[in-house]
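One-letter residues, chain by chain:
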Amino acid sequence: MSDLHLDLKNLIIDALGLEDISVDDIDNDAPLFGEGLGLDSVDALELGLAVQKHFSIKIDADSKDVRQHFASINALANFVASKQ
Amino acid sequence: MSWIDLQDLLLQQHTHTLAGSPELQHADLIEQSLRFAGGLKQRNIKCIALYLLDAGDLALALLGAWRAGVQVILPGDMQAQTQQRLSAQVDVFISDISQIHDFFTDPLPAAALALDEPLLILSTSGSTAQPKLIPKTLRQLHNELQVLEQLWGQSLQQAVFMGSVITQHIYGLLFRLLWPLCAGRYFIRQHLPFAEELQQHSMVCIAQQRPFVWLCSPALLKRMGSNLDWPQLAKVAQVFSSGGALPEKSGLDLTEKLKQSVTEVYGSSETGGIAWRQGGQQWHTFPQVCISQQENGALAVCSPWLAVETEYTSDAVELLSPQSFILKGRLDRVVKLEEKRISLPFLEDSLQQHPWVAEACLAVTQSGRASISALVVLNEQGLHHLRNSGRRQLTDQLRQHLSGYCEAMALPRRWRFIEQLPLNAQGKIIHSQVMDSLQQERPKLPIVKQVTGADFNWQLELKIPHDLAYFSGHFPSAPVLPGVVQVDWALHLAQQHMSLPSDFAGMEVLKFQQLVRPADEVSLSLRFEPEKNKLYFAFTMADTPCSSGRILLAGQHG
């Protein structure tokens, strides 16, 4: 697991208050929302803000594929890496 | 701009386009609604449930059903459990436009819609399993729509209506669909739950030089980031927020960014709109709304859009004038989490139905975002599972069980397992202490039940907390007290009772013979030999040795 992947998983656990989830429980490829971790649409909003703040990056609001960046840890890691 | 009353939407026509992608013309809406009405009539349908996220599709379905005299239930979701619950009264569940097309047949003639039949049944935006079903007549909706137009119609002109809320609940249904439909204002079919989507649609309006309005929830408004194009977004004609209070800080922040105040609307599925405000604490009643205070301090409401003469709320209120008031919180233990109404007593009952749970008490806590937390007393069976499978497995099972009763939103994220709930002398739960327990981190020390001894010889009776933080370590599915923690406890507890050298210098003859697990009761013997600077410790459980050893100390006496 890269540092960025690990960083993102810890960010999700902290920002969303998932105290019984460990980084090992989050698959890089698995969908972040819906089934699995049990995250909802409010978590998506929270995570969007947390990612922007933590990595000092901005999500391009005009981009059509904002949702896809948050599909999985891998997608999010690629997105964050491309912005840094 | 022309207004068409709700009951006349199949008789009169707006001439301009109602919505886009795909384009919706009023003439087509009427034609298709009447064909849907024909199909419903032909099959003798009496009641349908609709879950259509496209507001244009919902308009077609509602008008068609109402023309056929068919009652419409709008559930908050279409999960299997919801359908199961409604199956006795619902003839057809519709969640896709193709199902409506399947009904199309020869149209019924256009006619006015019946105003005084309970043609609509709303469900509360509850996330507990038994959302209240609230029948409404079209007259109730019509009366409220007229007041909305009276209050804000003038200033909105030809604004495009777009919003983050779905049209299944009263706020979204009235504000995002029926109001623009009657007023002939263009509306965006889809709900836009993300700020980025709201911005994209706003930009289209700005490019076309059309004014636009937002119908949002506090959940979105309080999370709009700095990545948005605020100078452009400030062109929004008006921002509505309803479903729960917008935190004051978010309100001020938005006022600064948008150069205008958000218009908050206070109401409920039962009462419809009651009051509005633009900043500050004070609410102003809608025209034709009368308010009073009940004996228990809660607000009572009368208005032309109520089915009963007076609706009694559970919101504590301070009346400032016949037309203004301040809200003082709920009187019952019903909380709102991101605009979803959650009954804590209902969830507690549901949790207590699980075969492992003796008692449970829930509260809302804030960690990152606000969520439900659970303080749980396990019964013997539950304790057995905690001891043998670990905490993670236990909380997974309990969450799984609860998900049969509520939406994912209401599932507790934070769990604390304790021996008994904090009760006062009258046997009532002390909620402030519940809150304290839930906010604390999991314990890292044992519960000391009894201490005997003197000088350099001590005997402690200890209980291992159910929820010890160390049980989630390397073997989360086999919670055992790590050896290093036992050594640490021995030293820590010894230092509380004896004056010992401060520095740890090593260990000798360390032995671990039996596992210590959650809820175990153990004895700890401590003996210090000053001439050797050695602390002897031994943990035993019912006279069976668990662990023992010698800790070498050095340095100054503490």
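Thresholds, definitions, all that
Residues numbered from 1 in each chain as written. Chains lettered and ligands numbered in written order. Predicted model: local features only at pLDDT ≥ 70, side-chain atom pairs only at ≥ 80, totals over all residues. Pairing = 2+ DSSP bridges. Helix = DSSP H or I, 4+ residues; strand = E, 2+ residues; numbered from the N terminus. Axes fitted to C-alpha atoms, helices over the stretch in contact; angles between N-to-C directions. Contact = placed C-beta atoms within 7 Å. Nonpolar A, V, L, I, M, F, W, Y, C, P; charged D, E, K, R; others polar. Domains from an automatic or database assignment. Core = buried A, V, L, I, M, F, W, Y, C linked by C-beta atoms within 7 Å. Buried ≥ 20, exposed ≤ 12 C-beta atoms within 10 Å, placed from the backbone. Expected span 1.5 Å × (residues − 1).

1. What about the sheet that holds strand β3 (residues 92-94) of chain B?
Residues and elements named next belong to chain B.
Here comes step 1: Read from one edge of the open sheet, five strands run β3-β1-β2-β4-β5, paired in mixed fashion. The sheet terminates laterally at β3 and β5 (133-136), the two strands that pair on one side only. Across the sheet, the mean angle separating the axes of adjacent strands is 25° when strand polarity is ignored.
Here comes step 2: Judged from the four bridges that link them, strand β4 (residues 120-123) and β5 form a sheet pairing that is antiparallel. Bridge pairing in β5 links Ile 121 to Pro 135.

2. A short note on the interface of chain A and chain B
Here comes step 1: With 21 residues of chain A at the contact, the number on the chain B side is 24 residues.
Here comes step 2: Considering every element that reaches the side of chain A that touches chain B, the biggest residue donor is helix α2 (residues 41-54) of chain A, with seven residues.
Here comes step 3: Residue classes in the side of chain A that touches chain B are distributed as nine nonpolar, five polar and seven charged.

3. Description of the domain arrangement of chain B
Residues and elements named next belong to chain B.
Here comes step 1: Assigned domains of chain B: these are domain 1 (6-280), domain 2 (335-439) and domain 3 (447-557).
Here comes step 2: For domain 2 versus domain 3, the separation of C-alpha centres amounts to 32 Å.
Here comes step 3: Facing twelve residues of domain 2, the contacting portion of domain 3 comprises eleven residues.
Here comes step 4: Mapped onto the side of domain 2 that touches domain 3, the elements with two or more residues apiece are α12 (380-389), α13 (391-402) and β20 (414-418).
Here comes step 5: Per element, the largest residue contribution to the side of domain 2 that touches domain 3 is four residues, and it comes from α12.
Here comes step 6: Looking at the side of domain 2 that touches domain 3 residue by residue, the classes come out as five nonpolar, three polar and four charged.

4. A word on the nonpolar core
Inside soluble globular proteins, nonpolar side chains tend to come together where they are buried.
Here comes step 1: Counting residues in each nonpolar core, the largest one holds 104 residues, and the members touching the most others are Leu 50, Ala 61, Val 72 and Leu 178 of chain B.
Here comes step 2: Contacts of Leu 50 of chain B, omitting those with residues within four sequence positions, involve Leu 58, Ala 61, Val 72, Leu 74 and Ile 94 of chain B.

5. Some points on the environment of Gly 368 of chain B
Here comes step 1: Note on placement: Gly 368 of chain B falls in the loop between β18 (357-367) and β19 (369-378).
Here comes step 2: Not counting chain neighbours up to four residues away, the residues in contact with Gly 368 of chain B comprise Asp 14, Ala 15, Leu 16, Gly 17 and Glu 46 of chain A.

6. A few points about the pairing of strand β12 (residues 290-293) of chain B
In the case of a regular strand, side chains alternate between the two sheet surfaces.
Residues and elements named next belong to chain B.
Here comes step 1: Pairing of β12 with strand β13 (residues 298-302) involves four bridges; the strand directions are antiparallel. Bridge pairing in β13 links Ser 292 to Ala 300.
Here comes step 2: Between the antiparallel neighbours β12 and β13 lie four residues, among them Gly 297 with a positive phi of about 95°.

7. Considerations on helix α2 (residues 55-67) of chain B
Counting along an α-helix, one turn takes 3.6 residues, and residues three or four places apart therefore face a common direction.
Residue and element names in this part refer to chain B.
Here comes step 1: Relative to the 18 Å expected for 13 residues at 1.5 Å per residue, α2 spans 18 Å between its end C-alpha atoms, a close match to the ideal helical length.
Here comes step 2: Within α2, twelve of the 13 residues are buried, leaving the element largely enclosed by the surrounding structure.
Here comes step 3: Every buried residue of α2 is accounted for by Ala 55, Gly 56, Leu 58, Ala 59, Leu 60, Ala 61, Leu 62, Leu 63, Gly 64, Ala 65, Trp 66 and Arg 67.

8. Things to note about the sheet that holds strand β7 (residues 212-216) of chain B
Residues and elements named next belong to chain B.
Here comes step 1: With mixed pairing, ten strands are arranged side by side in an open sheet as β6-β7-β8-β9-β10-β11-β15-β14-β13-β12. A strand with exactly one partner marks an edge of an open sheet, and here the two such strands are β6 (160-163) and β12. Pairwise comparison of adjacent strand axes, ignoring direction, gives a mean angle of 40° for this sheet.
Here comes step 2: When strand β10 (residues 272-277) meets strand β11 (residues 283-285), the two strands line up antiparallel, connected through two bridges. Bridge pairing links Trp 276 to His 284 in β11.
Here comes step 3: Helix α6 (residues 170-183) rests against β6, β7, β8 (238-242) and β10 of the sheet, and its axis sits at about 160° to β6.

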